[in-house]
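The lines below spell out each chain.
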Amino acid sequence: MQIAQNSVVSFHYTLTNNEGEVLDSSEGRDPLTYLHGAGNIIPGLEKELEGRQSGENLKVTVEPAEGYGETQPGLMQEVPRDAFQGVDDIQPGMQFQAQTQGGPLMVTVTQVEGDTVTVDGNHPLAGQTLNFDVEIAEVREASEEEAEHGHVHGEGDQEQEH
């Protein structure tokens, strides 16, 4: 069966950046399973999987616009240290959920200088070209309920966590 709208697809992957550094992998874990056409994975990868079949291996390069987007400078800002009440030791790499006008936003601390903390609300992979090495494990038709709900259900019709 070919991957098409409302196919349930399971695949193994290794994700690397342009420097060859492994960013994520399903190695040693169950394959990633998603409902094709429901926007559950990044657009550039979903587009390249369209029409493929179980057992196929492929390499996919996804540019930022089709991945996690370009880096948006407006999502980087300096905030006073006292905005982090209850956190004594703020270090670069720490993540916090910030309350913004648009709702909650995950931010990553990029710099701490005196009483000023610089945070970045971009996705950690924004602005990066992503290289996927993919092995398609299984393709099946989605159940009516999966197609209606827009995501895959697990064994015994339990909804799968994402």
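Here is what the cut-offs are and how they apply
Here, residues in each chain are numbered from 1, in the same order as that chain's written sequence. Confidence filtering applies because this is a predicted model: local features only for residues at pLDDT of at least 70, side-chain atom pairs given and counted only at 80 or more, and all residues used for totals across whole chains, interfaces and linings. Side-chain measures here rest on the full set of heavy atoms in the structure, leaving out hydrogens and waters. Salt bridges are defined by distance alone: a side-chain nitrogen of Lys or Arg within 4 Å of a carboxyl oxygen of Asp or Glu. Put simply, DSSP H or I for four residues or longer makes a helix, DSSP E for two residues or longer makes a strand, and each gets a number counted from the N terminus. Only protein chains enter the calculation, and the probe is 1.4 Å; a residue is then buried if its accessible area is under 20% of its type maximum, exposed if over 50%, and partly exposed in between. On a range of 0 to 100, pLDDT expresses the predictor's confidence in each residue. In this analysis, two residues are considered to be in contact whenever any of their non-hydrogen atoms come within 4.5 Å of each other. Here the nonpolar core consists of buried residues drawn from Ala, Val, Leu, Ile, Met, Phe, Trp, Tyr and Cys, with membership extended through side-chain atoms lying within 4.5 Å.

Draft legend 1. How the structure looks around the pattern of salt bridges. Summed over all chains, the structure comprises five salt bridges. Between Asp133 and Lys59 there is a salt bridge; the shortest N-O distance is 3.0 Å. Of the two residues, Asp133 is situated in strand β9 (residues 130-141) and Lys59 in strand β4 (residues 57-62); the sequence distance between them amounts to 74 residues. Look at Asp133 and you get partly exposed, because its relative accessible area is 37%.

Draft legend 2. Geometry of the confidence of the model for the protein chain. Per-residue pLDDT for the protein chain has a mean of 92; in total, 95% of the residues score no lower than 70. Per-element averaging of pLDDT across the protein chain places strand β6 (residues 95-100) at the bottom with 90 and β4 at the top with 98. Under a pLDDT of 50 for its full length, residues 156-162 has, in the predicted model, 10 contacts with residues more than four places off or in other chains.

Draft legend 3. How the structure looks around the environment of Gln53. Looking at where Gln53 falls in the secondary structure, it is placed in the loop between α1 (43-49) and β4. Along the chain, Gln53 and Met1 lie 52 residues apart, while their C-alpha atoms are 6.0 Å from each other.

Draft legend 4. Representation of the nonpolar core. Formed by 19 residues in total, the largest nonpolar core has its most connected members in Phe11, Leu45, Leu49, Phe132, Val134 and Ile136. Those elements that provide at least two residues to this core are β1 (7-16), α1, β4 and β9. Residue contributions to this core peak at five residues, all from β9. When sequence neighbours within four positions are dropped, the list of residues in contact with Phe11 reads Ser26, Pro31, Leu32, Tyr34, Leu45, Leu49, Val134, Glu135, Ile136 and Ala137. Val79, Ile90, Val109 and Val119 belong to the second-largest nonpolar core, a separate cluster that totals eight residues.

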